[in-house]
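Here are the chains, one letter per residue:
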Amino acid sequence: MSLIFANHAQEITYRKVADYLGRSTLFKATLQANPDCPQFNLLYGSTMVEVEVLPWEVHPWEERDLAIVRASSCVTIGSGIDCDLMHYLLAENRRMRFGAFHLDEANQVVFAHTVLGGENMDLLELQTCILSVVTIADTYDDLIVEKFGGKRFKESLTTAIAGGRLAG
């Protein structure tokens, strides 16, 4: 089954990201491409990063197809989702230079950062995006678990690998 792209910019961006990640000494050893959608998963240290190539549908330019690359990482699982945690995450978002915390569909704390894709996508910017997500996820998992409970995502990942549930 071949991937289906929403526009030409998304396809170009996907091919550039695939080429870069596949040749990168930082990422190629753990890289896994999703066969069903324009997405990659990689493990950097103990941090799992999802790299998605998405069409940018609502933007300020008429008659122009655009794409973005979003790198995200689950920071904690099962943290108490309450007003205090939400206030903390929003306050920390204000401090972030790039990227932001959010909750996914399962109420897990996630950090994500996005860069513009396309023909002129800067590969250093892409690398910095991914490494920024890794750094924030690895730094904040301890802080959030200590203040709000839950488990670090890397603990769940280690348990899954030890149990043989993640096969490459």
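The structure this text deals with has already been given above.
Residues numbered from 1 in each chain as written. Predicted model: local features only at pLDDT ≥ 70, side-chain atom pairs only at ≥ 80, totals over all residues. Heavy atoms only, no water.

## A closer look at the environment of Asp104
Here's step 1: Counting through the fold element by element, Asp104 comes out in the loop between strand 5 (100–103) and strand 6 (109–116).
Here's step 2: For Asp104 and Val53, which are 51 residues apart along the polypeptide, the C-alpha to C-alpha distance reads 18 Å.
Here's step 3: Among the polar contacts listed, one links the side chain of Asp104 to the backbone nitrogen of Ala106, at a separation of 2.9 Å.
Here's step 4: One polar contact links Asp104 to Gln108, side chain to side chain, over a distance of 2.6 Å. (Helix = DSSP H or I, 4+ residues; strand = E, 2+ residues; numbered from the N terminus. Polar contact = N/O pair within 3.5 Å; in protein donor to acceptor, adjacent residues only side chain to side chain.)

## Let's talk about the packing of helix 1 (residues 8–23) against helix 3 (residues 123–148)
Here's step 1: The interhelical angle for the contact between helix 1 and helix 3, taken along N-to-C directions, is 70 degrees, at an axis separation of 11 Å. When the axes of helix 1 and helix 3 are compared, the pair comes out roughly perpendicular. Considering only the axes of helix 1 and helix 3, their crossing is right-handed. Contacts from Val17, Tyr20 and Leu21 in helix 1 reach Leu123, Leu126, Gln127 and Ile130 in helix 3. (Axes fitted to C-alpha atoms, helices over the stretch in contact; angles between N-to-C directions. Parallel < 35°, antiparallel > 145°, perpendicular 65-115°, else oblique. Left-handed = near helix turned anticlockwise from the far one by under 90°. Contact = heavy atoms within 4.5 Å.)

## Description of the pattern of salt bridges
Here's step 1: Counted according to the given criterion, the structure contains five salt bridges.
Here's step 2: A salt bridge links Arg23 to Asp19, with the shortest nitrogen-to-oxygen separation between them at 3.0 Å. Placement of both Arg23 and Asp19 in helix 1 is noted, with a separation of four residues, approximately one turn of the helix.
Here's step 3: Asp19 sits in the partly exposed class, given a relative accessible area of 39%. (Salt bridge = Lys/Arg side-chain N within 4 Å of Asp/Glu carboxyl O. Buried < 20%, exposed > 50% of the residue type's maximum accessible area, 1.4 Å probe, protein only.)

By themselves, these figures tell us nothing about what the structure is for.
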